[in-house]
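Single-letter residue listing:
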Amino acid sequence: MSRRSFVATIPLVGLVLSSAVGAQAPAPAHRIGTLFQNVRIFDGKSGTLSAPMNVLVRGNTIEKITEGPISAAILDNPRVIDGGGRTLMPGLIDVHWHTMLVRPTPAALLTGDIGHLNLVAGAEATATLMRGFTTVRDLGGPAFGLKRAIDEGTVAGPRIFPSGAIITVTSGHGDFRQPFELPRILGAPQSRGEQTGAAMVADSPDEVRVRVREQLMLGASQIKLTAGGGVASPHSPLDVSTFTEAELRAAVEAAENWGTYVTVHAYTSDSIRRAIAAGVKCIEHGHLMDEPTAKLIAENGIWLSTQAFPDEMADAFPPGSFERAKAVEVFAGTDRTFALAKKYKIKTAFGTDILFSPGLAQRHGELLANLVHWYTPAETLGMATGTNAQLLALSGKRNPYPGKLGVVEEGALADLLLVDGDPIANIKLLEDPEKNLLVIMKDGRIYKNALGQ
Ligand SMILES: [Zn+2]
């Protein structure tokens with residue numbers, strides 16, 4: 001973070017301290033409005049920038065967008081930002097994120113002190129926001145506490161749509177137990193991964209229902225199951241299908257009774273088809289699917305949340321390891337998967353799934369910009385904003401942040417970035433957020449203002 005942006009966050013610290021001492025705290029800073037003057041808008045939907053506009057933010061909402069002047073006098077104490085013809089765009093959204101798992105190593109996650117892991121995740125959440133990502137959909141990990149700390153203003157970070165624990169089967173993706181921990185005995189203490197809330201093992205429809213309802217009770221906005229094998233887990237080959245259809249359906253029923261949906265981790269055609277048959281609404285990854293399965297996804301209006309994994313991501317696993325070999329196999333499917341998604345016009349969302357790799361997280365914007373191998377810059381930016389927000393809206397009444405995200409329009413939530421340039425003409429601007437994101441606003445509150453206005 002630059003010195004300037006650090007200075008800009010200091011008032012927040014004061015806010016947090018003052019609101020902690022009791023009911024006499026001053027009005028939150030986000031109630032003071034902001035007037036952006038002379039900005040060209042990428043609205044998260046259309047492929048071009050608008051003519052120069054003025055945008056008024058009141059509270060946490062975009063109140064007015066107009067070519068004509070807006071008088072600063074209509075607000076008591078507005079901040080006025082002269083955009084100088086730069087681009088105002090929606091905050092970025094990553095729909096496959098693991099708030100708690102970005103920075104630790106797998107060993108630290110399973111053996112580390114929970115307090116330390118939370119503080120590390122809080123620091124990463126602040127860094128995530130400073131990269132311009134104002135919302136993440138968390139697809140597994142004990143993120144409820146961090147989400148609460150962010151929402152109450154204790155820690156700066158993105159909005160989090162939490163799934164809570166990943167729900168898996170014995171030996172499935174997310175079961176990090178060691179062989180000596182078997183057999184599981186009902187009533188015996190839970191494994192370490194279950195105790196921390198990172199992942200839960202469930203081996204029957206009834207057990208699945210319990211685990212799903214527990215995550216919903218904790219505040220999950222959607223439910224994540226692993227329908228097939230995965231890269232990072234030690235006992236799950238890629239080709240396996242894990243949950244039975246009845247087990248998947250039990251999860252779908254429990255989630256839908258609660259007004260939300262299930263998304264599944266699935267690479268293979270078999271695991272994807274079984275999930276669709278059970279009523280799952282979103283597929284994570286899909287890197288090993290065949291063409292008829294892509295067609296099935298499209299025909300059923302299922303979302304595909306896939307990733308352009310960079311080859312370096314395999315470096316998280318030791319050379320010669322089972323996990324590394326699986327990573328290589330999956331990554332080889334990336335190009336074909338995006339081609340199929342385009343061919344069948346599958347509803348496709350952007351996410352990164354960065355795990356155990358703080359270095360890669362710093363290249364968050366680069367991973368987004370890499371999508372121009374398959375999409376135009378405007379399509380790429382639309383995917384990471386307006387389109388991703390449509391996927392988030394599947395949470396229905398379990399959406400923790402009611403209101404419109406991912407767009408710049410009157411009435412939408414004010415998650416905004418002021419970009420020093422035109423990201424449609426040069427999407428690489430997002431690769432250096434410290435330099436090129438001049439203003440970062442979330443929920444109407446400014447977290448960075450390098451213009452100093
Ligand atoms: Zn993941």
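Since we're looking at a predicted model, the values are computed, not measured.

**A closer look at the overall build of the chain**
Looking only at helices and strands, the chain has 15 helices and 18 strands in total. Expected size for 453 residues packed as a compact globule is a radius of gyration near 22 Å; at 22 Å, the chain falls within 12% of this value. Overall, the chain is about 70 × 55 × 45 Å in size when its C-alpha atoms are taken along their principal axes. Counting over 453 residues, the chain shows a buried share of 55%. Restricting to contacts in the chain with at least 6 residues of sequence separation, those with at least 24 account for 70%. Of the roughly 18100 Å² of accessible surface on the chain, 55% is carried by carbon and sulfur atoms. Side chains of the chain carry 43 positive and 46 negative charges; the gap between the two charge centres is 4 Å.

**Considerations on the sheet that holds strand β6 (residues 92-97)**
The sheet built from 3 strands is open, its strands ordered β6-β7-β8 with parallel pairing. Among the strands making up the open sheet, the edge pair consists of β6 and β8 (159-162). Averaged over all neighbouring strand pairs, the angle between strand axes comes to 15°, with direction disregarded. Bridge count between β6 and strand β7 (residues 133-138): 4 bridges; the pairing is parallel.

**Notes on the pattern of salt bridges**
Opposite charge on two side chains makes pairing possible when the charged atoms of those side chains draw close. The tally for this structure, following the rule as stated, stands at 23 salt bridges. One salt bridge connects K295 with E299, and the closest N-O pair in it is separated by 3.6 Å. On the criterion of helical spacing, the pair formed by K295 and E299 is a turn pair, its members being 4 residues apart in helix α9 (residues 291-299). A salt bridge links K404 to E409; its shortest N-O distance comes to 2.7 Å. By relative accessible area, E409 is classed as buried at 18%.

**Observations regarding the coordination of the zinc ion**
Every protein donor of the zinc ion is accounted for by H96 (NE2), H98 (NE2) and D353 (OD), and the metal-donor separations fall at 2.0 to 2.3 Å. Counting residues between consecutive donors of the zinc ion along the chain gives the motif H-x1-H-x254-D. Here H96, found in strand β6, pairs with D353, found in the loop between β15 (347-350) and α12 (358-361); they are 257 residues apart in sequence, far enough to count as distant. Grouping residues by exposure puts H96 and D353 together as buried.

**Concerning the side chain of E284**
Residue placement: E284 occurs in strand β13 (residues 282-288). For E284, the residues in contact, after removing those within four places along its chain, are H96, R137, L139, T263, V264, H265, A266, S305 and Q307.

**Observations regarding unusual backbone geometry**
Trans peptide bonds make up most of the peptide bonds, and negative phi angles are found at most residues other than glycine. Backbone torsion omega between L182 and P183 reads -5°, so that peptide bond is classified as cis. By the secondary structure assignment, P183 is in the loop between β9 (166-168) and α5 (192-196). Phi is positive for N38, which is not a glycine, with a value near 55°. The topology assignment puts N38 in strand β1 (residues 34-41). Overall, N38 belongs to the partly exposed group, its relative accessible area being 31%. Located in the positive-phi region is D353, a residue other than glycine, with phi close to 60°.

**Quick look at the nonpolar core**
Grouped together as the largest cluster of nonpolar side chains are 64 residues, with contacts concentrated most on I223, L225, V262, V264 and L371. Looking at which element gives the most residues to this core, the answer is helix α7 (residues 245-257), with 6 residues. Not counting residues up to four positions away in its chain, the partners in contact with L225 are I167, V208, F243, L248, A251, V262, T263, V264 and H265. Core analysis: the next-biggest nonpolar cluster, separate from the first, contains 30 residues, V102, L109, Y267 and A314 among them.

**Describing the side chain of T99**
Among the structural elements, T99 can be located in the loop between β6 and α2 (106-111). A distance of 2.4 Å separates polar atoms of two side chains, one belonging to T99 and the other to D138.

**Topic: the pairing of strand β18 (residues 445-449)**
Extensive coverage of β18 is indicated by the burial of 5 of its 5 residues. When strand β17 (residues 437-442) meets β18, the two strands line up antiparallel, connected through 4 bridges. Bridging across to β18, I440 finds its partner in K448. Two successive antiparallel strands, β17 and β18, enclose a turn made up of 2 residues, where D443 displays a positive phi of approximately 55°.

**Points about the environment of R213**
Inspection of the secondary structure assignment puts R213 in helix α6 (residues 205-218). Each C-alpha atom of the pair R213 and L405 lies 27 Å from the other, and the pair is 192 residues apart in sequence.

What counts and how
- Residues numbered from 1 in each chain as written.
- Predicted model: local features only at pLDDT ≥ 70, side-chain atom pairs only at ≥ 80, totals over all residues.
- Heavy atoms only, no water.
- Helix = DSSP H or I, 4+ residues; strand = E, 2+ residues; numbered from the N terminus.
- Rg over C-alpha atoms; globule rule 2.2 N^0.38 Å.
- Buried < 20%, exposed > 50% of the residue type's maximum accessible area, 1.4 Å probe, protein only.
- Contact = heavy atoms within 4.5 Å.
- Areas by Shrake-Rupley, 256 points an atom, 1.4 Å probe, with all protein chains shown as cover.
- Lys, Arg positive; Asp, Glu negative; His and termini not counted.
- Charge placed at Lys NZ, Arg CZ, Asp CG, Glu CD.
- Pairing = 2+ DSSP bridges.
- Axes fitted to C-alpha atoms, helices over the stretch in contact; angles between N-to-C directions.
- Salt bridge = Lys/Arg side-chain N within 4 Å of Asp/Glu carboxyl O.
- Donors = N, O, S within 2.8 Å, 3.2 Å for Na, K, Ca; no water.
- Core = buried A, V, L, I, M, F, W, Y, C linked by side-chain atoms within 4.5 Å.
- Polar contact = N/O pair within 3.5 Å; in protein donor to acceptor, adjacent residues only side chain to side chain.

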